[in-house]
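Residue-level listing of the chains:
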Amino acid sequence: MDNLIHKSIENQLIFTKKSRLLIGVSGGKDSMSLCHALVSMGYSLGIAHVNYHLRIDESDREAALVENFAKNHSIPFYKKDVTLDVNLKNRQERAREIRYAFFYELLNSKKYDFILVGHHANDVIETFFLHLMRGASVKGLKSMQMQNDRIVRPFIHLFPEDIERYVKEFKVPYLSDSSNLKSDYRRNFFRNDVLPLLNSKFLNS
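Quick notes on the rules
Residues numbered from 1 in each chain as written. Predicted model: local features only at pLDDT ≥ 70, side-chain atom pairs only at ≥ 80, totals over all residues. Heavy atoms only, no water. Pairing = 2+ DSSP bridges. Helix = DSSP H or I, 4+ residues; strand = E, 2+ residues; numbered from the N terminus. Contact = heavy atoms within 4.5 Å. Axes fitted to C-alpha atoms, helices over the stretch in contact; angles between N-to-C directions. Parallel < 35°, antiparallel > 145°, perpendicular 65-115°, else oblique. Left-handed = near helix turned anticlockwise from the far one by under 90°. Nonpolar A, V, L, I, M, F, W, Y, C, P; charged D, E, K, R; others polar.

Colleague: Provide a residue-level description of the sheet that holds strand β4 (residues 114-116), including the pertinent values.
Modeller: Strand order in this open sheet of six strands is β3-β2-β1-β4-β6-β5, and the pairing throughout is mixed. Across the chains shown, the open sheet's two edge strands, defined by having one partner strand only, are β3 (77-81) and β5 (147-148). Sheet analysis places β4 next to strand β6 (residues 151-152), joined by two bridges and oriented parallel. Note that in β6 the partner of I115 across the bridge is I151. Of the strands in this sheet, β1 (20-24), β2 (44-51) and β4 are in contact with helix α2 (residues 29-40), which crosses β1 at around 155°. Contacting β2 and β3, helix α3 (residues 57-72) crosses the sheet at an angle of about 165° to β2.

Right, here's the structure in full:
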């Protein structure tokens, strides 16, 4: 199979096999595929996971999945437990602040070179529309980049279908976040309602 996942990692010019990489892993298919690919390609990794305890049993199962993956592959594992109020306004933004603060803390204290996350092309599109609706400047509409400071997104040019094929071929373990199915958050609204409508109107006509 022409493996787009491995090619996307091989073609980036930011990190090498000598780099120490910290991977932010939620337990979903994107970040688990990123981990799986980097392990199979022989990169030096550490895995970081934040459990916000927002979905009780589901959140704990995700944390256990990520920790077991790290243990099975002899990868250093770092976990942060946070209790976020489910009624907190803008809790997704607060969760992001906590997550990246934790990642940078580990980057500096454990001497990693880069933080890797599993954002893909659809995340870029969603972010563009979110910035557009907030009245962002032309510069702000650039959305996500392959590299932003020490954060690297190797999957930035891949689509969910590419990751899905990889998951099925290599039987990558993952868990689906049930909250992604709800359109309560602005990003989920664009993902679940707006983008499918745009695709049906302009790409399938």
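Colleague: I'd like a description of the packing of α2 against helix α6 (residues 160-170), backed by residues and values.
Modeller: Contact geometry of α2 with α6 gives a least axis separation of 10 Å together with a crossing angle of 60°. With respect to α6, the element α2 is oriented oblique. You can see that α2 and α6 cross each other, and the crossing is left-handed. Packed against α2, whose contacting residues are K29, D30, S33, H36, A37 and S40, the element α6 presents I163, E164, Y166, V167 and F170 at the interface. Here the contact of α2 with α6 is built from residues that sort into five nonpolar, three polar and three charged.

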